[in-house]
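Structural overview
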Amino acid sequence: MTALAYGTVAVLLVAGLLGVVTTRNLIHLVGCLAVAQSSTYVLLLAVGLRSGGRAPVATGAPPPTAFVDPVVQALALTDVVVGAVVTALLLALAIQAHKRFRTLDPRDMRSLRG
């Protein structure tokens, strides 16, 4: 199971980074960054996964031998929220760049060059 998860992480990361490197559109760039960041969700959940683990719920029953780490799940949820905020911010910046330069192609934004 973990090999499949790590393979999925690698495929998502490579696909996202390949899109970032080859894109000519700011909106596509934001989408590719979101795909690359989604690989971190899968990675965090794969790290916290325990085969045969149970949910760490406090009950009167004796503790199970293995349980799934709730801290990693909380980090994954935080990662999702941060990813949504970053995506919204980058899309807002892309809209402002389009209003100013009338293009979404970063190569056509001449006044950004130093």
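A short tour of the structure in this document, coming up.

With that out of the way, let us pick up the overall build of the protein. If you tally the helices and strands in the protein, you get three helices and zero strands. Scanning the protein from its N terminus toward the C terminus, one meets helices and strands in the order α-α-α. Computed over C-alpha atoms, the radius of gyration of the protein comes to 20 Å, more than 25% over the 13 Å expected from 2.2 N^0.38 for 114 residues, which places it beyond the range of a compact globule. Overall, the C-alpha framework of the protein stretches about 65 × 25 × 20 Å when taken along its three principal axes.

Attention shifts here to the packing of helix α2 (residues 26-48) against helix α3 (residues 70-101). Packing of α2 against α3 brings their axes to within 10 Å, and their N-to-C directions diverge by 175 degrees. With respect to α3, the axis of α2 lies roughly antiparallel. Split into classes, the residues belonging to the contact of α2 with α3 amount to 17 nonpolar, six polar and one charged.

A few words now on helix α1 (residues 2-22). Along an α-helix, residues three or four positions apart point the same way, because every turn accommodates 3.6 residues. Along its 21 residues, α1 runs 30 Å from first to last C-alpha, staying within 8% of the 30 Å computed at 1.5 Å per residue. Looking at α1, one finds that the buried residues are A5, V9, G16 and G19. End-on, the buried residues of α1 take up no more than an arc of 110 degrees, which puts them together on one face. The exposed set on the far side of α1, more than 90 degrees from its buried face, consists of A3, L4, V11, V14, L18, V21 and T22. As for α1, its buried residues are in contact with α2.

Its 23 residues give α2 an end-to-end C-alpha distance of 34 Å, which sits within 8% of 33 Å, the value for a rise of 1.5 Å per residue. If you check which residues of α2 are buried, you get L26, V30, C32, A36, Q37, S38, S39, A46 and G48. Considering only its buried residues, α2 is in contact with α1 and α3. Sitting at the head of α2, N25 places a side-chain oxygen 2.9 Å from the backbone nitrogen of I27.

The subject of this paragraph is unusual backbone geometry. The phi dihedral of R102 is positive, around 60 degrees, even though this residue is not glycine. Considering the arrangement of structural elements, one finds R102 in the segment after α3. Looking at R102, the relative accessible area reads 66%, which means it is exposed.

Here we come to the environment of V86. Relative to the assigned elements, V86 resides in helix α3. On a C-alpha basis, the gap between V86 and T40 in space is 14 Å, while along the polypeptide they are 46 residues apart.

Moving on to the packing of α1 against α2. Packing of α1 against α2 brings their axes to within 8 Å, and their N-to-C directions diverge by 165 degrees. Judged by the angle between their axes, α1 and α2 are roughly antiparallel. Handedness of the α1/α2 crossing: left-handed. Counting all contacts with α1, which are made through A5, Y6, T8, V9, L12, L13, G16, L17, G19 and V20, the residues of α2 involved are H28, L29, C32, L33, V35, A36, S38, S39, V42, L43, A46 and V47. Split into classes, the residues belonging to the contact of α1 with α2 amount to 16 nonpolar, six polar and no charged.

Reading the values: the criteria
- Residues numbered from 1 in each chain as written.
- Predicted model: local features only at pLDDT ≥ 70, side-chain atom pairs only at ≥ 80, totals over all residues.
- Heavy atoms only, no water.
- Helix = DSSP H or I, 4+ residues; strand = E, 2+ residues; numbered from the N terminus.
- Rg over C-alpha atoms; globule rule 2.2 N^0.38 Å.
- Axes fitted to C-alpha atoms, helices over the stretch in contact; angles between N-to-C directions.
- Parallel < 35°, antiparallel > 145°, perpendicular 65-115°, else oblique.
- Nonpolar A, V, L, I, M, F, W, Y, C, P; charged D, E, K, R; others polar.
- Expected span 1.5 Å × (residues − 1).
- Buried < 20%, exposed > 50% of the residue type's maximum accessible area, 1.4 Å probe, protein only.
- Arc of directions from axis to C-beta.
- Contact = heavy atoms within 4.5 Å.
- Polar contact = N/O pair within 3.5 Å; in protein donor to acceptor, adjacent residues only side chain to side chain.
- Left-handed = near helix turned anticlockwise from the far one by under 90°.

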